[in-house]
Structures are given as structure tokens and as C-alpha cells.
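# Breakdown of the fold
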Amino acid sequence: MTEVTRTLAQARAWARTGTELILDAVAGLDEAGFSAPSVLPEWTRGHLVAHVAANADALCNLVHWAATGDQTPMYASAEERAAGIAKGPTLSADELRSWLTGSAYRLAEGLDGLTDEQWQRQVVTAQGRTVPATELPWMRAREVCVHAVDLGTGVVTFADLPKGFLTDLVAEISAKRGLTGLPDGPLSEVAAWLAGRPHSLADAPELGPWL
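Let me begin by describing the structure that accompanies this report. (Residues numbered from 1 in each chain as written. Predicted model: local features only at pLDDT ≥ 70, side-chain atom pairs only at ≥ 80, totals over all residues. Heavy atoms only, no water.)

### Some details on the overall build of the protein chain
Here is the rule: Put simply, DSSP marks the helices as runs of H or I at least four residues long and the strands as runs of E at least two long, and each gets a number from the N terminus on. Residues count as neighbours in contact if any of their non-hydrogen atoms are within 4.5 Å of one another. Computed by Shrake-Rupley with a 1.4 Å probe, the accessible areas treat only the displayed protein chains as cover when residues are assessed. Positive charge is attributed to Lys and Arg, negative charge to Asp and Glu, and no charge count is given to His or to the chain ends. To locate a charge, the coordinates of NZ of Lys, CZ of Arg, CG of Asp or CD of Glu are taken.
Within the protein chain, the secondary structure is distributed over 9 helices and 2 strands. The helix and strand sequence of the protein chain, counted from the amino end, reads α-α-α-α-α-α-β-β-α-α-α. When its C-alpha atoms are laid out on the principal axes, the protein chain stretches across 50 × 40 × 30 Å. By sequence separation, contacts in the protein chain at least 24 residues apart represent 60% of the contacts at least 6 residues apart. Per element, the accessible surface of the protein chain, about 10,000 Å² overall, is 52% carbon and sulfur. Distance from the positive charge centre (16 side chains) to the negative charge centre (26 side chains) of the protein chain: 3 Å.

### Considerations on the state of the cysteines
In plain terms, the rule: When two cysteine sulfur atoms are found within 2.5 Å, that pair is recorded as a disulfide. Exposure is judged per residue with a 1.4 Å probe applied to protein chains only, and the accessible area is read against the type maximum: over 50% gives exposed, under 20% gives buried, and values in between give partly exposed.
Counted under the stated rule, the structure contains 0 disulfides. Not part of a disulfide, C60 finds its nearest cysteine sulfur in C145, a span of 18 Å. When its relative accessible area of 21% is taken as the criterion, C60 is described as partly exposed.

### Section: unusual backbone geometry
In this structure, E42 is a non-glycine residue whose phi angle is positive, near 70°. With respect to the element layout, E42 can be found in the loop between α2 (31-35) and α3 (45-68). Of note in the backbone geometry, D203 takes a positive phi value of approximately 60° without being a glycine. As for its position among the elements, D203 is in the segment after α9 (187-194).

### Some points on the packing of aromatic side chains
This is how it is decided: In summary, the pairing rule links any two rings of Phe, Tyr or Trp, Trp by its six-membered ring, whose centres are within 6.5 Å, and it sorts them by plane angle into stacked for under 30 degrees, edge-to-face for over 60 and tilted for everything else. In our convention, an over-ring charge means Lys NZ or Arg CZ found within 6 Å of a ring centre and within 35 degrees of that ring's normal.
Under the criterion given, the structure shown has 3 aromatic pairs. Both rings, one in W14 and one in W138, keep their centres 6.0 Å apart while their planes meet at 70°; by these two values the pair is edge-to-face. Here W14, found in helix α1 (residues 8-26), pairs with W138, found in helix α7 (residues 136-150); they are 124 residues apart in sequence, far enough to count as distant. Owing to a relative accessible area of 0%, W138 belongs among the buried residues under this scheme. Centroid distance W14 to F165: 6.2 Å. Interplanar angle 75°. Geometry classified as edge-to-face. Here W14 is found in helix α1, whereas its partner F165 is found in helix α8 (residues 163-177), with 151 residues between them in sequence. Put simply, the rings of W14, W138 and F165 pair up and form one aromatic cluster. Between R6 and the ring centre of W138, over which it is positioned, the NZ or CZ distance is 4.0 Å.

Right, dumping it as C-alpha cells:
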């Protein structure tokens, strides 16, 4: 199984790439485009974009925690997280794009401001994991890269994602799913399969959605 060896700089670069991909993917969507189904069951593209925007806002809370020591959780509650997603279909195309862009900018600005000491501060994720702030760019990279594909616009596929990102994604999901042997196939298709997304691998058992 591949070992995860990413650096902070690499994770930050992947987060920037994923952000550019998802912003490009929604740039031309009109109201009908945002109302169309995403790849994820029962979610429109509006739901998905709201989720990604709210994720940036939530990660900003952890950046604040790392910068100040003030323990600000990602979400006040599971209900708050669900409400952010549900808000997506109620917003116009321009409002969704504005939220997605603005939240991504605020997160990037916050991460830029962290000192070497603050990067090492421990924060707690929405899943209850205690991690150093250096984990935040990877958490964001996963969201924007995978969900850029999930929009289902055809603009972004797993093959468009950085190879290093895909390698680490495969390693992480394999470990979390407890898989020791992977099917033969292109890295992008293996990543899609592990993430429970549409793929072209033959004879690979179906896996439930991840992330």
C-alpha cells in the first residue's frame, strides 16, 4: 500500500488547484444548472456547492482556533452543518458562486496568516479527530478536488486531479476501508472506485460513498 508522504506545501497546492477547478466548473452554471442533480445521491449541484462553501467557513473556525487558541469547533452542531447544505437550493446562482468564492478566499487568507508555531497547534475536526493545523489544507484539498468531480458537469474528472493528490487519496481511503489489495487500473479510476464514485474498473466490488 502506498505511504502518505505529502508536505504542507503540497497539500496547500492541491487545495488551491481543487479550488480553481470547482470555481471553473460552476462559472457557467445558471439556475437550472445548479438545480440539476450532482453525482451524489439526492443532492443537486446547489446542495453540493453549499456544502463546499460551508466547509470553507467551518475550516476557518479551525484556523481561528489554531491562530488564537480559542476553541472554535467546525460546526456548532450536526444540525448546523445540515442547515448549511439545505440552504443551497434556496440561493440564486450568483449567491452560490459568491459564497463559494468568498469562503474559499477567507480560508486561504487565514491559512496564509498562520505562523510556524500556529501550524502545529492541535484542533478537533467535525469527526472528533485531534489533528495539527497542518492537516487543514489536506482536508480542504479532499473537499474541493473530489467535489469538483461530483458536480457532474463533465468539466472535471478524477483524471484531471493532481497525481500526488490521487496517490495520497488512494492511500488514505484504502487504510480507512481496511483494504490491502487494489484492482489493476489507472490511478484516477482506482481513486474513483475507492471513493465510491463512478469508475471504469472491471470486476471491482461496489463501495459506498466516501466523503
